[in-house]
Amino acid sequence: MRTASPARATGDYEAATGRIAGLPVRRHHVLLVAWTVLWFLLVEPSGGVSWHYLRQGEQLLFDQQPGGGLSLYAHHPELQIGPVSLAAAGLFGPFPEHVGQVLAEATMSALGLVMLVLVGRTAAWYYLGTGTNHRRLQQRLLVAGLAFIPMWVEVSVRFAHLDDVLALFFTTLAAYALSRGRPTAVGVYLALAVDSKPWALSFVPLILALPRPQWRRAALWLCALVAVAWLPFYLGTDGSFAAARFTIPNQAASSLRWLGVSDPATPWWDRPAQAALGLGLGTAAVLRGRWPAVVLLGANARILFDPSVYTYYTASILLGTLLWDAVGQKRLVPWWSWIALAALYGGTLVIPSDSVCGLVRLAFVVLSTAYVLLRPAKRPRGRRTGTRGGGTRGVTRSGTRGPEPGRRSTGAGRVPVGTRG
């Protein structure tokens, strides 16, 4: 039997994986890096809108200033920032203010690229053993990433919201750990997401996508790390609960207005309803076998009930559509990522009416939620799942392990094929 020459095998490998000849990088990664750099350069001159909140909170927490320390949230309820985010902001404290801000913006932008790689690898593990064409997966990730990056730069550079960035980053790590069947890591990463920004609580239903015997381990890690991060601020200072009652204006372009809520500021029931809806929709997604929709549904609950309409909110939606387009379905064109970008970001630029913008937000939430929960879906063929809701453990229907990631069989022996996104 003739065997493939080393040069031909290398060419087959590079063609199958999308790698650039002689380099350990893939073409779609290079394009996404260039796209990110372009947006960074366009937005950075007007960036850092909210970075001063991070610096203020970090200094109050660690520099023993009056009204700081463990009484931080009692005296400054406007700092809706988790302790993990404040600790991370301290990494940029030693630099001059502007230098630290730009370094933080660059770091947060880079985390967006890491998240794209993680989503690609999550999809590869999810579809392991199903005969998925991974070049198509890379193309799907590239097209969805082109929509994701502008909104990621919005949250990471224009507003410099390190807390939202870390919440979404740790949630992406939790989704990847879920695809690998690692319950401890799922619990730890979800806890870090909640410790970075409390609204990440809506993503906790990802735990339910694990096999039932592993729920307890993940949940214990989640509860323990959330308690360690938050309880010190509340046990000794009763006033810390003021942070939970902090209100913001109910803007005319919010979905709340179309729901008949005309209160001038955040209603008392709003935050609990937001969390309850996110948890409920995420649980429904897992029960329907669609855990890749959990992030999108949690983000939908946020923009449905949030009285404000800041554009950086849309970054959580775009992460949700990215996971759904790359993992939840196998269409080549990631329609939902581009629909979200056009409706929620493009709409704010071209629609002059605040009321119409609010209607568009409401319509997106309703339609995307109905689509991911109600539309009939096919399970990936060729394997038996080892997690609830279609999470992959690389097990075939026969009960044996599927092919190792990154390899396929050919007539000329085994040639490595990249399954990473």
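Within any chain, residue numbers begin from 1 and follow the written order of that chain's sequence. In keeping with the model being predicted, local features are shown solely for residues with a pLDDT of at least 70 and side-chain atom pairs are shown and tallied solely at 80 or more, while totals for entire chains, interfaces and linings include all residues. Side-chain numbers here rest on the full set of heavy atoms in the structure, without hydrogens or water.

A. Fine view of the overall build of the protein chain. Within the protein chain, the regular secondary structure consists of 16 helices and two strands. Each residue gets one of three labels from its accessible area relative to the maximum for its type: buried under 20%, exposed over 50%, partly exposed in between, using a 1.4 Å probe on protein chains only. Out of the 421 residues in the protein chain, the part that is buried amounts to 54%. Two residues form a contact once any of their heavy atoms are found within 4.5 Å. Considering only contacts within the protein chain whose residues lie at least 6 apart along the sequence, 73% involve residues at least 24 apart. We get accessible surface area from the Shrake-Rupley algorithm with a probe of 1.4 Å; when it comes to residues, only the shown protein chains can shield them. With the model as given, the accessible surface of the protein chain reaches about 18000 Å², and the carbon-plus-sulfur share is 65%. Every helix listed is a DSSP run of H or I at least four residues long, and every strand listed is a run of E at least two residues long, numbered separately from the N terminus.

B. Representation of the pattern of salt bridges within the structure. For salt bridges, the criterion is a side-chain nitrogen of Lys or Arg within 4 Å of an Asp or Glu carboxyl oxygen. Per the stated rule, a full pass over the model turns up six salt bridges. Here Lys197 ties to Asp163 by a salt bridge, and the two come within 2.8 Å at their closest N and O atoms. Here Asp163 lies in helix H8 (residues 162-179) and Lys197 lies in the loop between helix H9 (183-196) and helix H10 (215-235), a separation of 34 residues in the sequence. By the burial criterion, Lys197 is buried, and Asp163 matches it. Within this structure, Asp163, Asp164, Lys197 and Arg302 form a network of salt bridges that share partners.

C. Up close: the packing of helix H14 (residues 314-328) against helix H15 (residues 335-350). Fitted lines through C-alpha atoms give the axes, limited to the stretch in contact for helices. The angle between two N-to-C directions lies from 0 to 180 degrees. Here H14 crosses H15 at 160 degrees, and the two axes come no closer than 8 Å. As far as their axial angle goes, H15 and H14 are roughly antiparallel. Judged by the sense of rotation from one axis to the other, the crossing of H14 with H15 is right-handed. Here H14 contributes Thr314, Ile317, Leu318, Thr321, Leu322, Trp324 and Asp325 to the contact with H15, which in turn contributes Trp335, Trp336, Ser337, Ala340, Leu341 and Leu344. Following the grouping adopted for this structure description, the nonpolar residues are Ala, Val, Leu, Ile, Met, Phe, Trp, Tyr, Cys and Pro, the charged ones are Asp, Glu, Lys and Arg, and the polar ones are all others, Gly among them. Residue composition of the contact of H14 with H15, by class: nine nonpolar, three polar and one charged. Angular relationships are summarised with four words: roughly parallel below 35 degrees, roughly antiparallel beyond 145, roughly perpendicular across 65 to 115, and oblique for the angles in between. By definition, any crossing whose near helix is turned counterclockwise from its far helix by less than a right angle is left-handed, and any crossing with a clockwise turn is right-handed.

D. Fine view of the environment of Cys223. Inspection of the secondary structure assignment puts Cys223 in helix H10. Considered as a pair, Cys223 and Val188 are 35 residues apart in the sequence and their alpha carbons are 9.2 Å apart.

E. Representation of the packing of aromatic side chains within the structure. Only the six-membered ring of Trp is used, alongside the rings of Phe and Tyr, when aromatic pairs are assigned; centres must lie within 6.5 Å, and planes under 30 degrees apart are stacked while those over 60 apart are edge-to-face, with the rest tilted. Scanning all chains against the criterion turns up 17 aromatic pairs. Taking the centre distance of 6.1 Å and the plane angle of 75 degrees together, the rings of Trp51 and Phe92 count as edge-to-face. Residue Trp51 is found in helix H3 (residues 51-62), and its partner Phe92 is found in the loop between helix H5 (83-89) and helix H6 (97-126); the two are separated by 41 residues along the sequence. Both residues of the pair, Trp51 and Phe92, count as buried. Joined through ring pairs, the aromatic side chains of Phe159, Tyr310, Tyr312 and Tyr313 make up one cluster. For the cation-ring pair, Arg180 lies above Trp125, with the distance from its terminal atom to the ring centre recorded as 3.8 Å. Only when the NZ atom of a Lys or the CZ atom of an Arg is both within 6 Å of the ring centre and within 35 degrees of the ring normal do we say a charge sits over the ring.

F. Structural context of the confidence of the model for the protein chain. Each residue carries a pLDDT score, the predictor's confidence in it, ranging from 0 to 100. When the pLDDT values of the protein chain are averaged, the result is 84; 82% of them are 70 or greater. Here residues 1-16 is modelled with pLDDT under 50, and outside its nearest four sequence neighbours on either side it reaches 16 contacts, counting other chains as well. Under a pLDDT of 50 for its full length, residues 388-421 has, in the predicted model, 104 contacts with residues more than four places off or in other chains.

G. Structural view of unusual backbone geometry. The phi dihedral of Ala160 falls on the positive side, at around 55 degrees, and the residue is not glycine. The residue Ala160 is located in the loop between helix H7 (134-158) and H8 in this model. Judged by its relative accessible area of 0%, Ala160 falls in the buried class.

H. Local environment of the nonpolar core. Here, the term nonpolar core denotes a set of buried Ala, Val, Leu, Ile, Met, Phe, Trp, Tyr and Cys residues that are joined through side-chain atoms within 4.5 Å. Counting 113 residues, the largest nonpolar core has Phe148, Trp291 and Leu319 as the members making the most contacts within it. The leading source of residues in this core is H8, at 13 residues.

I. Summary view of the packing of H7 against H8. Between H7 and H8, the least distance of the axes is 8 Å, while the angle of their chain directions is 135 degrees. Considering their axes alone, H7 and H8 lie oblique with respect to each other. Read as a crossing pair, H7 and H8 show a hand that is left-handed. Residue-level contacts link Trp152, Val155 and Ser156 of H7 to Asp164, Val165 and Leu168 of H8.

J. Region of the structure containing a nonpolar patch on the surface. Without a salt bridge and with relative accessible area above 30%, a residue can belong to a patch; like charges are then joined within 9 Å and nonpolar side chains (Val, Leu, Ile, Met, Phe, Trp, Tyr) within 5 Å. Residues Leu332, Val333, Trp335 and Ile339 make up a contiguous nonpolar surface patch of roughly 350 Å² in combined accessible area. Within the element layout of this structure, Ile339 appears in helix H15.

K. Representation of the environment of Trp338. Mapped onto the elements of the fold, Trp338 is located in helix H15. We classify Trp338 as partly exposed; its relative accessible area is 35%. Separated by 16 residues in the primary sequence, Trp338 and Leu322 have C-alpha atoms spaced 9.7 Å apart. Non-local contacts of Trp338, meaning those with residues more than four positions away in its chain, are made with Val143, Leu146 and Ala147. Polar side-chain contacts of Trp338 include one of 2.9 Å to the backbone oxygen of Val143. Within 3.5 Å is the distance limit for a polar contact, defined as a pair of N or O atoms, with the added protein rule that one can donate a hydrogen and the other accept it, and that residues adjacent in sequence qualify only through two side-chain atoms.

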